[in-house]
Amino acid sequence: MTVSADTTAHGSVDVLVVGGGPAGFATATELARRDRRVVLVDRGDTPDDVTTVFTPRAVAAARRVGVDLLEHFHPIERVRLTASVADPAHPGGAVGPSTSSGWPRVRVAPDDGCVGTRGAFVGHLRSLADELGVEVLDGHDAVEPIVERGFVRGASVRCPSGELAEVRAAITVVADGANSNFGRMLGTYREPDWPLAVAHAADYRSPLHLANEVEIVVGVTDRVGTPIAGYGWMYPTGNGTVGVGVMLLSTSPSFAVINPAHLLERFAEQHADRWQLGDEPTAPAAGGRIPLGMSVGPLAGPTYLIVGDAGGVANPLSGLGIDTALETGIIAGDVVGEALDQNSAAELQQYPKLVDDRYGSYYKIGRLADRLVGQPPVARRLHGALGARPTFAEGALRVALQHLRSGRGGMPELVYGAARAVASFGPDA
Ligand SMILES: Cc1cc2nc3c(=O)[nH]c(=O)nc-3n(C[C@H](O)[C@H](O)[C@H](O)COP(=O)(O)OP(=O)(O)OC[C@H]3O[C@@H](n4cnc5c(N)ncnc54)[C@H](O)[C@@H]3O)c2cc1C
C-alpha cells in the first residue's frame, strides 16, 4: 500500500472526517477551532446544484459554524401552504385553498430563511475550513476503514490518481451522507421498517424568481388520485430560476411503484402557469433518498462517530436534513474535542445520548405521524385543513420544522406536548 505526500505530511492526525457535506464540515471546523489536526476527505460525487431551502433553524446552525447564509443566498420571509384537491378535470388534482405566513419564530433562530444550492453552501464551508487549517482532500474516496484490534484507526483512501493511501487518525467521524457505505462497513444499520423519504428536484426558468416566499403543496397524488405522504415545493432562487421538487415518504401506499421523476414532471406541469415556469428544466433533475428520524445506528463506536444523513437524522416530518446535519456535526465536534482533551475515547459514548436528547421524542412522534399520513383518509382531511385554516397551518409548520418554543407554549406546543406524553408509552417504531 502506498502513502500519498498529502497524508504523510501530517503523519497520524487527531481526526479523520469522511465526507465533505454540511455535517462533515461542521465537525471539522469545530475541531479545528480547538486546534485539533483534522483531515477531511471528500470524493465529490454529490450533485451540487440542487436548489435547497435553508430554514431559519439551518441559518442559525450555519451561523454557529461560521457561515452567514443570509449574506450569500436569496432571502425568504414567508411560507405558503397550498392544498391540492381532487378534481375530475385535473388527474393530478387542482390547486385548492392556500395560506401564507412568516416562518414560525423561535428565539434561537433569525426570522428569515433563504434559498441557495447545497454546492454553494459547501463552498463557503470549505473556505472556512481552509482558513481554520483543516486539510481538505478533494476527490479522495474513503474505501474502507483501517481496523486494528477492533478499533477504527482511520481509512484507506483512493486518491484522484487511483493510488491507495492510508489516513491514520485517533478518531474517525463518518459524514458520508444518505447511502453511507463507509458507515455500513462499520456495522451501522437502518431500521428497514422505519420511514424513509425520496426527494427529486429540478430548476426551471421563471420571472417569479425574485419572490420572497416559498410554496409547499400538500395533497400531491399518484396517477390514480391517491394522496401520497409527502409534499411538493417551489423555491425561488433570486437568480432567474425556481427550484421545483417533490418529497415522498415510504409510508405512502404506492411508494414502491411511484417513479419520483414522473411525479416531479406532473407536479411541475400542474404548477407551471402559476409560477410561470419554462418548458424544460435548466438541467437534468437530481434526486436521492433521505433516511429519516434517527433510523440509522449505532451512532458511536469505540473510536468513531456517525453524523448527518449517514446517521439518518433528517427530520421525519419535513424530510429536511441540512439543519440536523449541521447540528449533529457541531455536537460531534464538541464530543470528539472533549474525548481528545481528556484522552478518553469513552467520552464518545456521550454523543448518541446528546443526539437522542435533542431529537429522540420529537422524532418518535414524527415517525408515528409519517405512518398516519400514509393513510389516505387521514391525509385527505389533514391536507384540506392545512390549506383552509391559517392558524392550523402555522401550527403545523411550527411542529413540522421543529421550530417549537420552549417555555412560552401556544397551541402547537400543547398539542405536541400531549402527543409526546402519549408516544412515550409506545414502542420505538
Ligand atoms: C433532491 C433533494 C433535495 C433536498 N432538499 C433539501 C432542502 O431543500 N433543505 C434541506 O434542509 N435538506 C434538503 N435535502 C436533504 C439534505 O440535502 C441532506 O439532508 C444534507 O445534505 C445532509 O448533509 P450530510 O453532510 O449529512 O450529507 P451530504 O450532504 O450527502 O454529504 C456527504 C458527502 O460525503 C461524500 N462522500 C460519500 N461517500 C464518501 C466516501 N466514501 N469517501 C469520501 N467522501 C464521501 C459525498 O461526496 C458528499 O459530499 C434534500 C435532499 C435531496 C436528495
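Presented here is an overview of the structure given in this document. Keep in mind that what you see is a predicted model, and the values were worked out from it rather than measured. (Residues numbered from 1 in each chain as written. Predicted model: local features only at pLDDT ≥ 70, side-chain atom pairs only at ≥ 80, totals over all residues. Heavy atoms only, no water.)

### So, the pattern of salt bridges
- The full count for this structure, using the stated rule, is 21 salt bridges.
- One salt bridge in this structure joins R36 and D14, with 3.8 Å as the shortest N-O distance. Taken together, the residues span a long stretch of sequence, with R36 in the loop between α2 (22–33) and β2 (38–42) and D14 in strand β1 (residues 13–18) at a distance of 22 residues.
- Given a relative accessible area of 22%, R36 falls into the partly exposed group.
- Across the salt bridge formed by D130 and R126, the nearest N and O atoms sit 3.5 Å from each other. With D130 and R126 both in helix α5 (residues 118–132) and 4 residues apart, the pair spans about one turn of that helix.
- Salt bridges here are not isolated pairs; linked through shared partners, they connect D14, R34, R36, R37, D334, E338 and D341. (Salt bridge = Lys/Arg side-chain N within 4 Å of Asp/Glu carboxyl O. Helix = DSSP H or I, 4+ residues; strand = E, 2+ residues; numbered from the N terminus. Buried < 20%, exposed > 50% of the residue type's maximum accessible area, 1.4 Å probe, protein only.)

### Notes on the site of the ligand
- The environment of the ligand is formed by 33 residues, the closest being D42, V53, R118, A142 and D309.
- Within the contact set of the ligand, a nitrogen atom lies 3.1 Å away from a backbone nitrogen or oxygen of R43.
- D141 is positioned with one of its side-chain polar atoms (N or O) 3.0 Å from a nitrogen atom of the ligand.
- Of all the elements in the fold, those that place two or more residues in the shell around the ligand are α2, β2, β3 (51–54), β9 (141–148), β17 (286–291) and α8 (322–341).
- Of all the elements, β17 adds the most residues to the shell around the ligand, at 3 residues.
- In the shell around the ligand, the residues fall into 15 nonpolar, 11 polar and 7 charged.
- Among the domains, domain 1 (5–48 + 118–192 + 295–363) and domain 2 (52–116 + 195–290) are the pair contributing at least three residues each to the shell around the ligand. (Near = heavy atom within 4 Å. Polar contact = N/O pair within 3.5 Å; in protein donor to acceptor, adjacent residues only side chain to side chain. Nonpolar A, V, L, I, M, F, W, Y, C, P; charged D, E, K, R; others polar. Domains from an automatic or database assignment.)

### A short note on the environment of H383
- By the secondary structure assignment, H383 is in helix α10 (residues 376–388).
- Classification of H383 as buried rests on a relative accessible area of 7%.
- In sequence terms H383 and T82 are 301 residues apart; their C-alpha atoms lie 8.5 Å from each other.
- A distance of 3.4 Å separates a polar side-chain atom of H383 from the backbone nitrogen of G219.

### Looking at the pairing of β9
- Here β9 pairs with strand β10 (residues 151–158) via 6 bridges, running antiparallel. The partner of E144 across the bridge, within β10, is S156.
- Counting the residues in the hairpin turn of β9 and β10 gives 2 residues, including R149, whose phi is positive at 45 degrees. (Pairing = 2+ DSSP bridges.)

### Focus: the packing of aromatic side chains
- With the rule as written, the count across this model stands at 6 aromatic pairs.
- Where Y359 meets Y363, the ring centres are 5.1 Å apart and the plane angle is 25 degrees; that geometry is what we call stacked. Residue Y359 and its partner Y363 are located together in helix α9 (residues 350–373), separated by 4 residues, close to a single helical turn. The two residues Y359 and Y363 agree in class, both being buried.
- Arranged with centres 5.7 Å apart and planes meeting at 50 degrees, the rings of Y362 and Y363 form a pair that is tilted.
- For Y362, a relative accessible area of 2% corresponds to the buried category.
- Chaining the aromatic ring pairs together yields one cluster made of F54, F73 and F121. (Phe/Tyr/Trp six-rings, centres within 6.5 Å; stacked < 30°, edge-to-face > 60°.)

### Quick look at the pairing of β1
- Across the 6 residues that make up β1, a large majority, 6, are buried.
- Relative to strand β11 (residues 164–174), β1 runs parallel, the two being bridged by 5 bridges. Looking at the pairing, V15 lines up with I171 of β11.
- Sheet analysis places β1 next to β2, joined by 4 bridges and oriented parallel. Counted as the bridge partner of V15 is V38 from β2.
- Considered for its hand, the β-α-β crossover made up of β1, α2 and β2 is right-handed. (Right-handed = clockwise from strand over helix to strand, strands pointing away.)

### Overview of a nonpolar patch on the surface
- Together, L368, L372 and V378 give the surface a local cluster of nonpolar side chains, amounting to about 250 Å² of exposed area.
- Locating L372 in the fold gives a position in helix α9. (Patch = residues over 30% accessible without salt bridge, like charges linked within 9 Å, V, L, I, M, F, W, Y side chains within 5 Å. Areas by Shrake-Rupley, 256 points an atom, 1.4 Å probe, with all protein chains shown as cover.)

### Focus: the packing of α2 against α5
- Between α2 and α5, the least distance of the axes is 10 Å, while the angle of their chain directions is 20 degrees. As summarised for this structure, α2 and α5 are arranged roughly parallel, according to the angle between their axes. The two elements α2 and α5 meet at a crossing, and its hand is left-handed. For the pair α2 and α5, the contacting residues are P22, F25, T29, A32 and R33 in the first and R118, F121, V122, L125, R126, L128, A129 and L132 in the second.
- For the contact of α2 with α5, the class distribution of residues is 9 nonpolar, 1 polar and 3 charged. (Axes fitted to C-alpha atoms, helices over the stretch in contact; angles between N-to-C directions. Parallel < 35°, antiparallel > 145°, perpendicular 65-115°, else oblique. Left-handed = near helix turned anticlockwise from the far one by under 90°. Contact = heavy atoms within 4.5 Å.)

### Describing α5
- Counted at 1.5 Å a residue, the expected span for α5 with its 15 residues is 21 Å, and the 21 Å between its end C-alpha atoms agrees.
- Burial in α5 covers these residues: R118, G119, F121, V122, L125, L128 and A129. (Expected span 1.5 Å × (residues − 1).)

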